[in-house]
Amino acid sequence: MKRIFATLIVFVIALPAWAEIAIEEVTSPSGIKAWLVEDHSIPFTALELRFRGGTSLDDPDKRGAVYLMSGLIEEGAGDMDARTYARELESLAASFRYNATDDTVSISAQFLTENRDDVIDLLRTTIHEPRFDQDAVDRVRAQVLSGLMSDQTDPNDIAGRSFAQMAYGDHPYGTEGKGTIESVTALTRDDVVTAYQGVFAKDRIFVGAVGDITPEELGALLDKLLADLPETGKPIPGRADVNIPGGVSVVEFDTPQSVALFGHAGIDRDDPDFFPAYILNHILGGGGFESRLMQEVREKRGLTYGIATYLVPKDLASVYLGSVSSGNDRIADAVEVIRDEWARAATEGVTQKELDDAKTYLTGAYPLRFDGNGQIAGIMVGMQMEDLPIDYIATRNDKVNAVTLEEVNRVAAELLDPDGLHFTVVGKPVGLETTN
Amino acid sequence: MVRALALSAALMAATPLAASEGHEAVTTFTLDNGMDVVVIEDHRAPVVQHMVWYRAGSADEPVGSSGVAHFLEHLLFKGTDTLAPGEFSATVAANGGNDNAFTSYDYTAYFQRVAADRLELMMRMEADRMRNIRLSENDIVTERDVILEERNQRTDNSPRALFGEQMSASQYLNHRYGVPIIGWRHEMETLDMEDALSFYQTHYAPNNAILVVTGDVEPDEVKSLAEQYYGVIPANPDLPVRVRSQEPPQTAERRLTYKDARVSQPYVQRSYLAPERDPGEQEKAAALFLLAELLGGSTTSYLNEKLQFDQQKAVYTGAFYRGVSLDDTTFDLIVVPAAGVSLQEAEDAMDQAVADFIAEGVNEEDLDRIKMQLRAAQTYARDNVDGIGNRYGRALTSGLTVEDVQAWPDILQAVTGDEIIAAAREVLQPEASVTGWLMKDEEVTQ
């Protein structure tokens with residue numbers, strides 16, 4: 001038989017003083033694409049399957065359906081009920097982990113070479129023939145509800161919900177992907193089946209594989225697992241209108257330490273200014289111990305154990321967020337320092353030394369991420385979802401190094417909006433009140 | 001989070017599968033000054049993790065100074081004779097690396113992950129701060145505020161953590177494991193320069209430390225660098241023997257209720273005083289490890305089958321055994337009741353299930369399945385040499401030897417069902433137990 005399987009591209013990427021990560025683009029006989037790093041040194045494979053859409057696919061009155069479905073997919077399939085299924089999976093010593101975020105549902109699998117065919121048979125049955133038995137729906141729903149109840153009185157969760165509601169309103173991002181106690185209680189088996197049908201489709205799948213598997217084997221595996229999925233899934237909702245007014249919201253909660261989430265609008269991953277913004281964030285609050293906020297809020301003043309900021313470019317909206325926790329009598333001081341640092345960076349920018357240090361760190365630390373088969377598979381899927389080229393890893397550090405001080409400081413002035421910063425504070429903060 | 005506290009009794013965390021050393025490239029040796037060295041090779045990527053573990057944790061603290069081991073861990077990121085405050089981490093970052101540290105009952109550990117060709121710089125700095133830290137009063141005052149905020153974040157803002165503190169304090173009548181790693185707040189507030197330096201001078205010495213290097217390194221190269229940087233530091237001849245006050249026979253069952261308005265999901269937890277893994281004598285601990293797996297380690301575990309699937313009285317069940325410990329450890333059970341099920345019903349169902357498990361004996365198929373997974377874990381573990389390094393660090397600071405670590409997988413495979421039941425009968429004694437209910441504030445017990 002003619003070999004219809006094609007290995008399209010092989011990039012051997014040599015980073016200075018770093019490992020070569022050879023990514024191949026593999027296309028299965030039926031046309032499913034995947035990125036592969038072949039490494040036969042340990043007899044197992046990590047496989048990452050990710051479907052774009054995630055919990056944002058929920059209808060407004062079915063919030064939590066995708067999340068519940070992602071918890072039920074391992075609760076029985078084919079002729080196996082939940083208990084039989086669990087025994088089967090354990091006896092193969094494989095692991096399938098499922099995760100549902102705002103934008104994706106992912107399956108992270110790892111399996112030994114010695115019983116790979118059996119594992120893939122089981123994973124195929126899992127993906128194609130989940131049972132969603134009523135007793136499993138009820139049992140897993142009770143687990144989700146238990147978690148939601150705990151979240152009700154967790155200051156971090158309270159802050160996250162409050163901030164998202166304000167920022168995204170009626171968009172799916174405005175409510176918790178896990179759903180609410182009310183919405184999850186009302187979900188039916190039919191809702192779970194509908195969610196399943198919306199998520200798993202070929203028009204939205206991204207695949208990464210790392211380990212003891214050849215391109216030919218991976219191609220056959222992909223067709224077995226995925227070729228029979230429907231062509232299209234549920235339409236993905238439109239972008240969110242981000243509405244974050246400057247000011248403070250206090251959510252009263254009786255606990256000794258206030259938790260604050262703060263932020264304003266952010267920057268998209270494909271924006272030409274993303275790299276300058278990324279470096280700016282590293283200097284301001286993203287860079288662990290060396291960041292300005294860590295130095296000012298923790299090291300100099302001892303106002304917190306931890307403070308961090310992060311660019312959050314999601315598929316349907318981008319925000320710039322940070323978090324900090326301080327005793328109720330000290331959180332107002334922390335907020336003031338953060339606002340001051342935001343303003344200082346916006347008006348004065350950063351220094352050449354800060355930029356140089358950030359570049360040294362970011363370029364040096366980048367290869368440390370590629371430290372295990374599962375991590376590399378996940379990174380490769382993320383690259384594909386962001387539409388990055390297959391040689392991105394080799395060029396990424398050049399992009400960091402190409403950023404100039406002028407660019408960072410222009411982006412600082414454009415992006416950072418000290419007056420537009422909103423703080424959602426959960427606790428009993430002294431000296432802070434809800435504005436507006 | 002940097003300079004993090006290792007909460008060793010994190011009951012809600014998944015119990016990791018133990019892996020073995022079957023194909024791991026492990027080399028061990030000891031420097032002339034008594035510093036142990038463990039090297040684990042993985043040449044797939046030119047990255048190295050450099051760690052120094054001290055045989056000193058919160059259970060080695062003087063009475064009245066709870067939290068000082070962890071406080072000192074924070075202070076080691078301040079200056080030395082040759083490094084300005086913060087310069088250690090800044091230097092690691094400037095070399096594209098990450099660094100951190102953690103404290104537990106039996107150890108304090110410091111580590112950096114960095115390009116393999118920077119190993120020498122890491123050793124030079126880590127060896128420097130083993131003997132040469134220089135602290136200012138301002139460092140003390142500011143960093144004490146930081147650890148108090150850390151306690152706020154980890155413990156005082158979390159009813160589960162506060163409940164856990166009360167459980168441990170009730171479990172240990174005489175041993176220091178009853179005191180939280182981060183410290184009691186009223187004692188943390190009094191920690192000063194003298195407390196920190198005294199702990200440092202007593203415990204931080206090469207003959208009380210273990211160097212663990214994992215990644216793209218050659219053992220010979222590590223040895224010559226270790227001799228150059230750590231080998232020249234004199235051993236502390238006055239290093240105290242780790243003698244801790246031990247538990248008396250425990251003769252009274254204890255119960256507690258912890259009520260907090262911030263609790264939305266009540267649960268019941270039971271802990272039993274249990275023997276730990278001892279050098280050359282790990283068989284009983286292996287049986288307890290497998291007991292925890294069989295009772296509450298997975299979807300198919302006994303408590304799950306009975307309480308979740310059959311009786312539908314729980315939304316979560318778990319069993320935990322932390323065998324790596326210098327002194328007596330605990331075996332823990334936890335049941336999160338389903339809606340409408342009281343804590344008393346949940347506790348009764350848990351006790352009945354454990355009694356039935358012991359009466360029925362171990363299902364050999366279940367045991368075989370767990371042993372198969374443990375063998376597979378040896379393969380998966382090779383993908384994470386840093387994890388293997390951590391396993392050696394924890395073991396060697398908890399009284400075990402390299403030989404014990406390497407023997408453990410085979411000991412697990414040799415455990416029989418009868419030995420597991422015998423261990424259960426011996427350890428799951430009400431007199432040595434604490435039963436705790438985490439409750440909503442408004443809930444009444446009757």
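Residues numbered from 1 in each chain as written. Chains lettered and ligands numbered in written order. Predicted model: local features only at pLDDT ≥ 70, side-chain atom pairs only at ≥ 80, totals over all residues.

### Focus on the overall build of chain A
The line we're drawing: Only DSSP runs of H or I with at least four residues qualify as helices, and only runs of E with at least two residues qualify as strands; both kinds are numbered from the N terminus onward. The quantity called the radius of gyration is restricted to C-alpha atoms. Its globule counterpart is 2.2 Å times the number of residues to the power 0.38. Exposed residues have 12 or fewer other C-beta atoms within 10 Å of their own C-beta, buried residues have 20 or more, and partly exposed residues fall in between, where C-beta atoms are placed from the backbone.
When helices and strands are tallied, chain A shows 15 helices and 12 strands. For 436 residues, the compact-globule estimate of 2.2 N^0.38 gives 22 Å, and the C-alpha radius of gyration of chain A, at 23 Å, lies within 12% of that figure. The dimensions of chain A, computed from C-alpha atoms along their principal axes, are 70 × 55 × 35 Å. Buried residues in chain A amount to 51% of all 436 residues.

### So, helix α7 (residues 193-203) of chain B
An α-helical segment advances 3.6 residues per turn. Residues three or four places apart therefore align on the same side. Residue and element names in this part refer to chain B. Convention followed: Regarding the arc, it is the one traced by the directions from the helix axis to the C-beta atoms. Note on contacts: each residue gets a C-beta atom placed from the backbone, and two residues are in contact if those atoms are within 7 Å.
Those residues of α7 not exposed but buried are Asp195, Ala196, Phe199, Tyr200 and His203. Viewed along the axis of α7, the buried residues span an arc of 125°, placing them on a single side of the element. Relative to its buried face, α7 has exposed residues pointing more than 90 degrees away, namely Glu194 and Gln201. The elements touched by buried residues of α7 are β4 (47-54) and α1 (68-75).

### Let's talk about the sheet that holds strand β8 (residues 254-260) of chain B
Residue and element names in this part refer to chain B. The condition is simple: Between any two strands, at least two bridges found by DSSP are needed for them to pair. An axis is simply a line fitted to the C-alpha atoms; with a helix, the fit covers only the stretch in contact. Between two such axes, the angle follows the N-to-C directions and lies from 0 to 180 degrees.
Taken in spatial order, the 5 strands of this open sheet run β8-β12-β9-β11-β10, and their pairing is mixed. The outermost strands of the open sheet, each flanked by one partner alone, are β8 and β10 (314-321). Pairs of neighbouring strands in the sheet enclose a mean axial angle of 15°, with direction left out of account. Here strand β9 (residues 267-274) pairs with strand β11 (residues 329-337) via 7 bridges, running antiparallel.

### Considerations on the sheet that holds strand β10 (residues 307-313) of chain A
All names here are of chain A. In space, the 5 strands of this open sheet follow the order β8-β12-β9-β11-β10, with mixed pairing throughout. Among the strands making up the open sheet, the edge pair consists of β8 (247-252) and β10. When the angles between neighbouring strand axes are averaged without regard to direction, this sheet yields 20°. Judged from the 5 bridges that link them, strand β9 (residues 257-265) and strand β12 (residues 422-427) form a sheet pairing that is antiparallel. Bridge assignment links Phe262 to a residue of β12, and that residue is Phe423. In the packing of helix α10 (residues 292-299) onto the sheet, contacts are made with β10 and β11 (318-327), and the angle to β10 comes to roughly 150°.

### Quick notes on the environment of B:Lys440
Residue and element names in this part refer to chain B. Considering the arrangement of structural elements, one finds Lys440 in strand β12 (residues 433-440). Separated by 113 residues in sequence, Lys440 and Asp327 place their C-alpha atoms 34 Å apart. In this structure Lys440 touches Val263 and Pro266, once residues within four positions along its chain are discounted.

### What about the domain arrangement of chain A?
How large an interface is tends to be reported as the accessible area lost when its parts come together. All names here are of chain A. Applicable threshold: For the purposes of this description, domain bounds are those given by an automatic or database domain assignment. Note that Gly is not counted as nonpolar here; it falls among the polar residues with everything else outside the nonpolar set of Ala, Val, Leu, Ile, Met, Phe, Trp, Tyr, Cys and Pro and the charged set of Asp, Glu, Lys and Arg.
In terms of domains, chain A is made up of domain 1 (2-226) and domain 2 (247-427). For the side of domain 1 that touches domain 2, the secondary structure elements donating two or more residues are β1 (6-14), β2 (20-27), β3 (33-38), β4 (44-52), β6 (104-112), α5 (155-168) and β7 (205-211). The dominant element in the side of domain 1 that touches domain 2, judged by the number of residues it contributes, is α5, at 10 residues. Considering only residue class, the side of domain 1 that touches domain 2 consists of 24 nonpolar, 8 polar and 6 charged.

### Some thoughts on the interface of chain A and chain B
Counting from both sides, the interface comprises 52 residues of chain A and, opposite them, 52 residues of chain B. Elements that contribute at least two residues to the side of chain A that touches chain B include exactly α2 (82-91), β6, α4 (134-152), α10, β11 and α12 (352-365) of chain A. Of the residues in the side of chain A that touches chain B, the class split is 19 nonpolar, 22 polar and 11 charged.

### Here we look at the confidence of the model for chain A
We count it as follows: Confidence of the predictor at the level of single residues is given by pLDDT, which spans 0 to 100.
When the pLDDT values of chain A are averaged, the result is 94; 95% of them are 70 or greater. The model gives residues 1-18 of chain A a pLDDT under 50, and that stretch makes 36 contacts with residues more than four places away or in other chains.

### Some points on the environment of B:Gly340
With respect to the helices, strands and loops of the structure, B:Gly340 is situated in the loop between β11 and α11 (343-360). It is 8.7 Å that separates the C-alpha atoms of B:Gly340 and B:Lys313, two residues lying 27 residues apart in sequence.

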